[in-house]
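Fold and geometry: a report
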Amino acid sequence: MTDFEESSWKPREECGVFGIYSKEGKEIPPAYACYNGLLALQHRGQESCGIAVNDRGVISYFKDMGLVSEVFSDSILNRLNGQIALSHVRYSTSGDSVRENAQPLVMRYIKGTLAIAHNGNLTNAHELRRELERNGCIFQTTIDSEVIAYMIARERIGAASIEEAVFRAMQKIEGSFSLLVMSPQKLIAVRDPNGFRPLCMGKIGEDIVFASESCALDAAGAQFVRDVEPGELIAAGPSGLKYLYNKVPAQRSLCVFEYIYFARTDSKIDGLGVYESRKEAGRLLARQSPVEADVVIGVPESGIDAAIGYSEESGIPYQKGIVKNSYIGRTFIKPTQSERERSVRIKLNALESEVRGKRVVLLDDSIVRGTTSGRIVSMLKDAGAKEVHLRISSPPFLWPCYYGTDIPTKDELIAVQHTVKEIAEMNFADSLAFLSLDSLPVMLKGKCSGYCDACFSGNYPTEIPQEMIEHRPQNYCMPIQRL
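First things first, this report covers the structure right here in the doc. None of these values were measured; they are calculated from a predicted model.

Overview of the overall build of the chain
In terms of helices and strands, the chain carries 19 helices and 23 strands. A burial count over the chain gives 60% of its 483 residues as buried. In the chain, once contacts between residues fewer than 6 apart in sequence are set aside, the share between residues at least 24 apart is 72%. Accessible area of the chain: about 18200 Å², with a carbon and sulfur share of 50%.

Have a look at this one:
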């Protein structure tokens, strides 16, 4: 891998979506609202981004590979005029990393024009795609989001409205989907019946806004209204808001890793603040796995909140022991293995004055393959740390994910192949402890009414088709190197 970014260290989530419905576009130009929202959602995908706008029935768009600030300029945004807009940031967990797979997807069909932005991963995409191809559909991308677009277009032929068509398509797609759909007159938000991925609604004056996370509402100047409920469809149009609900019973299954790592610290999802949950994870670790130490530090940025919680519970002082370089470009090419191994010091560096001669508790959110934790521990010991005790604010990864997170195959997960003691030795840590699985509901403080922990427990909330297991996208198996 040549991409050098924090998300390349970690399990990655597919994408983020943002959309706005405005009758006149007076509060803020919709394209600019999307740009601000995408900047706040950049952590959810750094591979590609795009914005589509609707100017009185005419949909235009711009998308490309790269970060939001790299892809869009004032001149581009000024050309994206319209009253309705939706947008997307992407990291591929299914489909190739090419411009054709960037979203939003814009399609022209017998009923007009349709644009969609999708966060998630369909578990029956192979089956549906094969059926559509047999009926003559020609696919332009390799992503399952195009399957959703075709399903909506097909249902629209016999439906009285676009929202009815989207609702019908909802009944036939399976897996995770937080979805925005834009027609010439409406903006529609949909969340799958399990609620795997977050989606919320806000307002800017009379304008309606939808976003993957509440932090994007804040960035666009919108007031949070509420979360979109699992199985709910909300359509914003000329006649106001319309609500449809999937009444098929489903196990509420928000991805618990949203609270552990994916979501931004200042977001609130399904009634619980992300910062609050991460601090609680640190407190739980301090109670479950105490150790005598002089200082607590967190791996930026994802381990800092848990480190603060660990410090508060244990009484061990928290210090900023690692500095992160935030000004490295998206791509940092490392031509040799030795340079790849040394590159941790380009992204992260130890504060020698805070760790020399001290027993350190190091907090991080996860260990996947375990290739990088050891480099960070070694970096701290090279800076003079007397001991380094590694604490992980999630349980061990033991199972792959099929709902839009690139947790690799079981054979690649270090916790499947080794004991905790062996992992500690492999990472040069003096001790290692993971958050216990039964601590997750405590971490969520009872505020999250249902969550998915299948990557830790193997308890999948939906049936996983054998075909998906056998044809798991290659992107899931890309090396997750932190450096």
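That was the structure; now back to the text.
Quick notes on the pattern of salt bridges
Overall, the coordinates contain 27 salt bridges when judged by the stated rule. In the salt-bridge network here, residues are joined through shared partners; they are Glu 276, Lys 279, Glu 280, Arg 283, Arg 287, Glu 312, Glu 313 and Lys 445.

Examining helix H14 (residues 373-382)
Burial in H14 covers these residues: Ser 373, Gly 374, Ile 376, Val 377, Met 379 and Leu 380. Phi for Gly 384, located one or two positions after H14, is positive at around 110°.

Digging into the sheet that holds strand S10 (residues 207-211)
Read across the sheet, seven strands follow the order S3-S2-S4-S1-S10-S9-S11 without closing on themselves; strand pairing throughout is antiparallel. One side of each edge strand has no neighbouring strand; the edge strands of this open sheet are strand S3 (58-65) and strand S11 (223-227). Strand-to-strand, the axes of this sheet are offset by a mean angle of 15°, without reference to chain direction. The sheet contact formed by strand S2 (residues 48-55) and strand S4 (residues 84-90) spans seven bridges and is antiparallel. The residue bridging Ile 51 from the neighbouring strand is Ser 87, located in S4. Along the sheet, helix H1 (residues 30-40) makes contact with strand S1 (15-21), S2 and S4, crossing S4 at roughly 25°.

Description of helix H10 (residues 304-314)
Listed in full, the buried residues belonging to H10 are Asp 305, Ala 306, Ala 307, Ile 308, Gly 309, Tyr 310 and Ser 311. Residues of H10 that are buried in the fold lie against helix H9 (274-288), strand S17 (295-298), strand S20 (359-364) and strand S21 (387-392). Backbone geometry just after H10 places Gly 315 at a positive phi near 85°.

Some thoughts on the sheet that holds S20
One open sheet holds the four strands; their spatial order is S17-S20-S21-S22, and the pairing between them is parallel. Looking at the sheet topology across the chains shown, the edges are occupied by S17 and strand S22 (431-434). This sheet shows a mean twist of 20° between the axes of neighbouring strands, independent of strand direction. The sheet contact formed by S21 and S22 spans four bridges and is parallel. Directly across from Arg 391, in S22, lies its bridge partner Ala 433. Contacts from H9 reach S20, S21 and S22 within the one sheet, and its direction differs from that of S22 by about 125°. Packed on one face of the sheet, H14 meets S17, S20 and S21 and runs near 150° to S21.

Describing the packing of helix H5 (residues 144-156) against helix H6 (residues 162-170)
Viewed as axis vectors pointing N to C, H5 and H6 meet at an angle of 125°, and their least axial separation amounts to 8 Å. Judged by the angle between their axes, H5 and H6 are oblique. For the crossing formed where H5 meets H6, the hand is right-handed. The residues of H6 that touch H5, namely those facing Met 151, Ile 152, Glu 155 and Arg 156, are Ile 162, Ala 165, Val 166, Arg 168 and Ala 169. In the contact of H5 with H6, the residues fall into six nonpolar, no polar and three charged.

Here's the deal with the packing of helix H4 (residues 125-134) against H5
In a packed pair of helices, the relevant descriptors are the angle between the two axes and the axis-to-axis distance. Where H4 contacts H5, the two axes come as close as 10 Å, and the packing angle between them is 55°. Judged by the angle between their axes, H4 and H5 are oblique. H4 and H5 meet at a crossing whose hand is left-handed. For the pair formed by H4 and H5, the contact residues are Ala 125, Leu 128, Arg 129, Glu 131 and Leu 132 on the first element and Asp 144, Val 147, Tyr 150, Met 151 and Arg 154 on the second. Counted by class, the contact of H4 with H5 contains six nonpolar, no polar and four charged residues.

Observations concerning the side chain of Asn 119
When you line up the elements, Asn 119 lands in strand S6 (residues 112-122). Among the polar contacts listed, one links the side chain of Asn 119 to the backbone oxygen of Cys 15, at a separation of 3.5 Å.

Quick word on the environment of Asp 64
Relative to the assigned elements, Asp 64 resides in strand S3. For the pair Asp 64 and Ser 48, spaced 16 residues apart in sequence, the C-alpha separation works out to 5.7 Å. Here Asp 64 is in contact with Ser 48, Cys 49, Val 71 and Arg 99, once residues within four sequence places are set aside.

Rules used throughout
Residues numbered from 1 in each chain as written. Predicted model: local features only at pLDDT ≥ 70, side-chain atom pairs only at ≥ 80, totals over all residues. Heavy atoms only, no water. Helix = DSSP H or I, 4+ residues; strand = E, 2+ residues; numbered from the N terminus. Buried < 20%, exposed > 50% of the residue type's maximum accessible area, 1.4 Å probe, protein only. Contact = heavy atoms within 4.5 Å. Areas by Shrake-Rupley, 256 points an atom, 1.4 Å probe, with all protein chains shown as cover. Salt bridge = Lys/Arg side-chain N within 4 Å of Asp/Glu carboxyl O. Pairing = 2+ DSSP bridges. Axes fitted to C-alpha atoms, helices over the stretch in contact; angles between N-to-C directions. Parallel < 35°, antiparallel > 145°, perpendicular 65-115°, else oblique. Left-handed = near helix turned anticlockwise from the far one by under 90°. Nonpolar A, V, L, I, M, F, W, Y, C, P; charged D, E, K, R; others polar. Polar contact = N/O pair within 3.5 Å; in protein donor to acceptor, adjacent residues only side chain to side chain.

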